[in-house]
Structures are given as C-alpha cells and as structure tokens.
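Each chain, letter by letter, is given below.
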Amino acid sequence: MSLWTAAEAADATGGKVASDWVAEGVSIDTRTLQPGDLFVALAAARDGHEFVAQALEKGAAAAMVSHVPEGVDPAKCLVVDEVLPALERLGVAARARTDAKVIGITGSVGKTTAKEMLRKALEGQGNIHAAVASYNNHWGVPLTLARMPRDTDFAVIEMGMNHAGEIAPLTKMARPHVAMITTIAPAHLENLGSTEAIAAEKGAIFEGLEPGGIAVVPLDVAEKDILIEAGKVHAAEVVTFGETEGADLQLSDVIVSEASTVMRVATPDGARLAKLSVAGRHYAQNAVGVMLAVAAAGADLTQASMVLSQWEPVEGRGQRERIALSRTDDIAIELIDDAFNANPTSLAAGLEVLAGITPPRGGRRVAVLGDMLELGAEAEAMHAGVADLPTMDAVDVVHTCGPLMAHLHSALPEAKRGLHMDTAAEMCPRIARELRPGDVVLVKGSKGSKVSLVVDALRKLGQSVEGDR
C-alpha cells in the first residue's frame, strides 16, 4: 500500500504536480532518505531546495518545493505555496484518512521515553506508528503525521515546546483520542517564567482532544490542579496516575535493582505487578502513566504490561552499555548515555540510577555533567544545588563542563571534584585519562551543551557491547 500518490499529495497540500508518482515515505533529510520517499525541502540551517537534486539522485519519488530548483525535472516536483504549511496540510490529511487511535504525549521530562514505552507496550495489538526520533516540534509533528500509513491502528505523537503557544497548534493537527502529560518540572523556565506557566502550556495538549477524548494527568506534581482543570475543559474524562493516594493507577511499591525495576500498581481491578528490564524509579513513574494511556486507548493492559518488560532506553536517554577496553573483555567501563537532555528533575533521576549501581572491585561511580539550559534567573543556583542531592553521597567523582556547571564544580566537596572544562569538546581528550577499569560513568547534560561528544569519545575507547548489564 503506497503512502502518497501524486494526486493525493497534491490534493492534500493544494500543490501542483506534472506527472504521476508514488511515494512510500516522507523525508526532510537526504542523509536518511530512502528510495521512494517524498523529499520535503524545508528551510532550516540551509534551504532544503539546495538538496532537491541530490534527493532525486538518491531515488526520491518526488520533491515538495515552493519553486523548481535550476536543473531539476519539474515532473518530479510537487509545487506548493510554502513548504512548511504544505507539510502541515499533508499531516492533517494523513490524520484524517486513518481510523487509528491517536495518543498524544507531552511533559517537561520523559516525553520520548513514554513514546518509546508506548510503542513497545502496544506491540502485538495492531499496526503502530510513532516518530523514529524526538520529532516533537513545529515540523516534527506534521512530519510524523504525514508518514502515518493508512492502516495504522495506534499512533503515538510526541509534542514539545520551548515557548508559550506552541502546544495547541500541534495537538489540533494530531487530534488525539488520549492525551498524556508525563510530568511538570523546571524546564524552559527562561522562556515561561514559572512551573505554573509550564503546566498551563502543557495542559494545552487537551485542546486538540477528539470528542470523547481522555486526559491522562500526573498526580504527583504540585501543578496537578492546573492540569486537571485543563483536562476538565476539553476532555470527556480525566484520569490520573502516580504515587499519590487516589490516583486511578497508583504506583504503590517500587523495587530498583541494578538491572531491573519491579513495581506494584494499584488498579480499580486490584493490584498487579509489572517489571522493567532497566533500573530507575523514574522509569517506573513513566511506565504507570503509559499503562494508563494504554488502557484509555482501549488496548489490552495485561498484554501491554508483559511486553513492556522488554523495553530498553534508546540512545541518549539512559541507555547502558559496556565499553570493553581489552580484547579479552576483562577490562571495561560501563557507560550510561543520558546525554540528550537535562533539567534538575531528570538530572536527579539520572544520579539516582548511578547511585544504585555497585561497580566491580576498583571501580567508581563517575558523573560527567554538562550545562542544564533554559533555566532562567535561577540557573546558577540550580546547578550549584545539585551538590546537595542525597544521591551525590554515593557518587565518587564529578567532572563538569560548561559555564553553568562551573557553579556545581565549586560547590562540590574537594574529594568529589573532578575536571572542569569550559566546553564538552575540551573534556573529550581529557576524560579517558581520568577513568579506571570498572568505573560506571553517567554522562548527562542538555543537548545544547554537546555533552554527547563525551559519549562518542568514550565509545571510541573500545568496543561497545550494548545491553550488557
């Protein structure tokens, strides 16, 4: 079954085509484009029109453009007025032609983790569609929708924001049947000013709910009343999850070991046990929200709970891997790659995971931390405050990079104070000399801190064996 014919794409976007073609996918990047994709010439760091010829050479079925670039065959073009609005219309048309049950997700922390948990939990219950990466912004959501096959049974759409007013247009495109908020935390304070304002913006996800839609709300956050009220305005039903008494799905017990998390969940039908094959209390909190969203979407909760035990974090989101430093694999370090994003809440969760791991003899718990960005006027104090987290007692050495993390470096006891570098790039050539065989190394920071460069440098030390816990 084709994804888009030329006529369908032209009708959806209001564009014009000069020949028949069939697209099997939609791409915005020639580096990942597959033969048969419709290439969308978005303007980002560079104008996508510069890459149309390359996309067609790589086998693109056609290109969505606002003008035909010089030297490009017009018969291979879908000409629209403006590319981004046309992509939005393509996404809206894809959403309109499917009978899929759509689940929307937002939150300050855990959006991508919840999306991937849902993708796994729904496995075996129908055709599932979700973004391959963290495509949750003004182009990521319409792109995810435009890629949705007609025969999708469940679609999981992640929605993010940096400023007020960004969630509502996304949810109105996605039109979810179920909308879930993972949590509220001090992220994007620089732009929104308070966690109450963040909650109000996240609550806008309920504005796009379909008639009869269900709002899934975390009960463990101080801003829960804001979220519940937003849900009541737009949803037919508001359901809650968390450790707080009275939650519709209550996380009553969590046992975290080095390689798994076992939880007891209280449901209206009685208690049930669930297990994750990864360590972390925050993963259990996400999983309970995911289980509630599964039930709200009409899927089988028992089957979803069993399949969820097979879920593992994706790269940059807490993935654990062994870096072998010798050919015989008897000398190694363990890497926790959590370098995609950071705020005070997620950093505390990452340090809790690190503190719960017992390194082999001679090994230490080591943290390499990059700046947490967009925290506003309290950013310096929030970074310094990490030194006071109870889990820091179990961390042996903390290496920091970035101007904000300099405040943590100064606040640390001298015995825990490792390297401090101005940038992650400067940390890369130095970090290897600071590690010992057996060390467990957490790398975490906001994406903009580029601390993922440290992850890459550590992987180059040896052969990575993913999933070896």
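It should be emphasised that the depicted structure is a prediction, and the values quoted were computed from it without experimental measurement.

How each quantity is defined
Residues numbered from 1 in each chain as written. Predicted model: local features only at pLDDT ≥ 70, side-chain atom pairs only at ≥ 80, totals over all residues. Heavy atoms only, no water. Helix = DSSP H or I, 4+ residues; strand = E, 2+ residues; numbered from the N terminus. Rg over C-alpha atoms; globule rule 2.2 N^0.38 Å. Buried < 20%, exposed > 50% of the residue type's maximum accessible area, 1.4 Å probe, protein only. Contact = heavy atoms within 4.5 Å. Axes fitted to C-alpha atoms, helices over the stretch in contact; angles between N-to-C directions. Parallel < 35°, antiparallel > 145°, perpendicular 65-115°, else oblique. Left-handed = near helix turned anticlockwise from the far one by under 90°. Nonpolar A, V, L, I, M, F, W, Y, C, P; charged D, E, K, R; others polar. Pairing = 2+ DSSP bridges. Core = buried A, V, L, I, M, F, W, Y, C linked by side-chain atoms within 4.5 Å. Expected span 1.5 Å × (residues − 1). Right-handed = clockwise from strand over helix to strand, strands pointing away. Salt bridge = Lys/Arg side-chain N within 4 Å of Asp/Glu carboxyl O. Phe/Tyr/Trp six-rings, centres within 6.5 Å; stacked < 30°, edge-to-face > 60°. Lys NZ or Arg CZ within 6 Å of the ring centre and 35° of its normal.

**Student:** What exactly am I supposed to notice about the overall build of the protein here?
**Tutor:** A count of helices and strands for the protein gives 16 helices and 23 strands. What you see for the protein is a C-alpha radius of gyration of 23 Å, in line with the 23 Å of a compact globule of 469 residues. Projected onto the principal axes, the alpha-carbon positions of the protein cover approximately 70 × 55 × 45 Å. The burial tally for the protein puts 54% of its 469 residues in the buried class. The contacts of the protein with a sequence gap of at least 6 include a subset with a gap of at least 24, amounting to 62%.

**Student:** Explanation requested: the packing of helix α4 (residues 111-121) against helix α10 (residues 281-296) in the structure shown.
**Tutor:** Relative orientation and spacing of two packed helices are given, respectively, by the angle between their axes and the distance between those axes. Relative to each other, α4 and α10 sit at 55°, their axes nearing to 9 Å. Accordingly, the angle class assigned to the pair α4 and α10 is oblique. For the element pair α4 and α10, the recorded crossing hand is right-handed. For the pair α4 and α10, the contacting residues are Thr113, Ala114, Met117, Leu118 and Ala121 in the first and Tyr283, Asn286, Ala287, Val290, Ala293 and Val294 in the second. A per-class count over the contact of α4 with α10 returns 9 nonpolar, 2 polar and no charged.

**Student:** I'm lost on the sheet that holds strand β10 (residues 154-158) in this one. Help?
**Tutor:** Strand pairing in a sheet relies on backbone hydrogen bonds, with the paired strands running either antiparallel or parallel. Taking strand neighbours across the sheet as the criterion, the 9 strands line up as β9-β10-β8-β11-β12-β13-β14-β15-β16 in an open arrangement whose pairing is mixed. Strands at the two margins of the open sheet, each flanked by one partner only, are β9 (128-130) and β16 (270-276). For this sheet, the mean inter-axis angle between neighbouring strands, taken without regard to orientation, is 20°. Summarising the sheet, strand β15 (residues 261-267) and β16 pair through 7 bridges and their orientation is antiparallel. Residue pairing in the sheet places Thr267 in a bridge with Gly270 of β16. Packing of α4 onto the sheet brings it into contact with β8 (101-106), β9, β10, β11 (178-181) and β16, and relative to β8 it is tilted by some 155°.

**Student:** Could you clarify how one ought to interpret the nonpolar core in this entry?
**Tutor:** General note: in soluble globular proteins, nonpolar side chains tend to be found buried as a group. Core analysis: the biggest nonpolar cluster contains 40 residues, and Leu118 and Met263 have the highest contact counts within it. For this core, the element with the highest residue contribution is α10, accounting for 10 residues. Dropping the residues within four chain positions of it, Met263 is found in contact with Leu251, Asp253, Val254, Arg272, Leu273, Ala274, Leu276, Ala284, Ala287 and Val288. Within the second largest apolar cluster, 33 residues are counted, among which are Met148, Ile167, Ile198 and Leu219.

**Student:** Which parts of the structure should I look at to understand α10?
**Tutor:** Three or four residues apart is the spacing at which side chains of an α-helix point the same way, because the helix has 3.6 residues per turn. With 16 residues, α10 should cover 22 Å at 1.5 Å per step; its first-to-last C-alpha distance of 23 Å lies within 8% of that length. In terms of burial, α10 is a largely internal element, 12 of the 16 residues being buried. Among all positions in α10, only Tyr283, Ala284, Asn286, Ala287, Val288, Gly289, Val290, Met291, Leu292, Ala293, Val294 and Ala296 are buried.

**Student:** Please explain the pairing of strand β5 (residues 37-40) as it appears in this structure.
**Tutor:** On a regular strand, one side chain projects to one face of the sheet and the next to the other, so that they alternate. The alternating pattern of β5 places Asp37 and Phe39 and Leu38 and Val40 on opposite faces, both of which are buried. Sheet topology note: the β5/strand β6 (residues 62-65) ladder contains 3 bridges and is parallel. Considered in β6, the bridge of Phe39 is made with Ala63. For the handedness criterion, the β-α-β arrangement of β5, helix α2 (residues 52-57) and β6 is classed as right-handed.

**Student:** Would you mind showing me how to read the sheet that holds β6 here?
**Tutor:** Ordered in space as β2-β7-β6-β5-β4, the 5 strands form an open sheet in which the pairing is mixed. For this open sheet the edge positions go to β2 (16-17) and β4 (25-27), each flanked by a neighbour on one side alone. Lying over the sheet, helix α1 (residues 6-13) contacts β2, β6 and β7 (77-79), oriented at roughly 20° with respect to β7. Contacts between helix α3 (residues 83-96) and the sheet are confined to β5 and β6, with β6 contributing the most and set at about 120° to the helix.

**Student:** How should I be thinking about the packing of helix α8 (residues 195-203) against helix α9 (residues 224-234) in this particular structure?
**Tutor:** As a packed pair, α8 and α9 sit with axes 9 Å apart at the nearest point and diverge in direction by 25°. Taken together, the axes of α8 and α9 lie roughly parallel to each other. Our pair here, α8 against α9, has a crossing hand that is right-handed. Residue-level inspection shows Glu196, Ala199, Ala200 and Gly203 of α8 in contact with α9, the latter providing Ile226, Leu227 and Ala230. Each residue belonging to the contact of α8 with α9 can be placed in one class, and the counts come to 5 nonpolar, 1 polar and 1 charged.

**Student:** What's the story with the pairing of strand β13 (residues 237-242) in this structure? I'm lost.
**Tutor:** Across 5 bridges, strand β12 (residues 214-218) lies against β13 in parallel orientation. The residue of β13 that forms the bridge with Pro218 is Phe241. Handedness of the crossover joining β12 and β13 through α9: right-handed. With 2 bridges joining them, β13 and strand β14 (residues 249-256) adopt parallel strand pairing. Looking across to β14, one finds that Phe241 is bridged to Leu249.

**Student:** Got a minute to help me understand the pattern of salt bridges in this structure?
**Tutor:** Opposite charge on two side chains makes pairing possible when the charged atoms of those side chains draw close. Counted by the stated rule, this structure contains 20 salt bridges. A salt bridge links Lys115 to Glu158, with the shortest nitrogen-to-oxygen separation between them at 4.0 Å. Here Lys115 is found in helix α4, whereas its partner Glu158 is found in strand β10, with 43 residues between them in sequence. Residues Lys115 and Glu158 agree in their burial class; the two are buried. For Glu334, the salt bridge identified is with Arg320, shortest N-O distance 2.6 Å. Of this pair, Glu334 sits in strand β18 (residues 332-338) while Arg320 is found in strand β17 (residues 319-324), placing the two residues 14 residues apart along the sequence. Among the ionic contacts, a cluster of salt bridges with common partners joins Lys115, Glu116, Arg119 and Glu158.

**Student:** Any chance you could explain the packing of aromatic side chains here in plain terms?
**Tutor:** Here the structure, examined in full by the defined rule, presents 2 aromatic pairs. A ring pair is formed by Tyr283 and Trp311, whose centres lie 5.4 Å apart and whose planes are at 65°; its orientation type is edge-to-face. Of the two residues, Tyr283 is situated in helix α10 and Trp311 in the loop between α11 (301-308) and β17; the sequence distance between them amounts to 28 residues. Exposure class is identical for Tyr283 and Trp311. Each is buried. A cation over an aromatic ring shows up here: Arg97 above the ring of Trp4, its NZ or CZ 3.8 Å from the ring centre.

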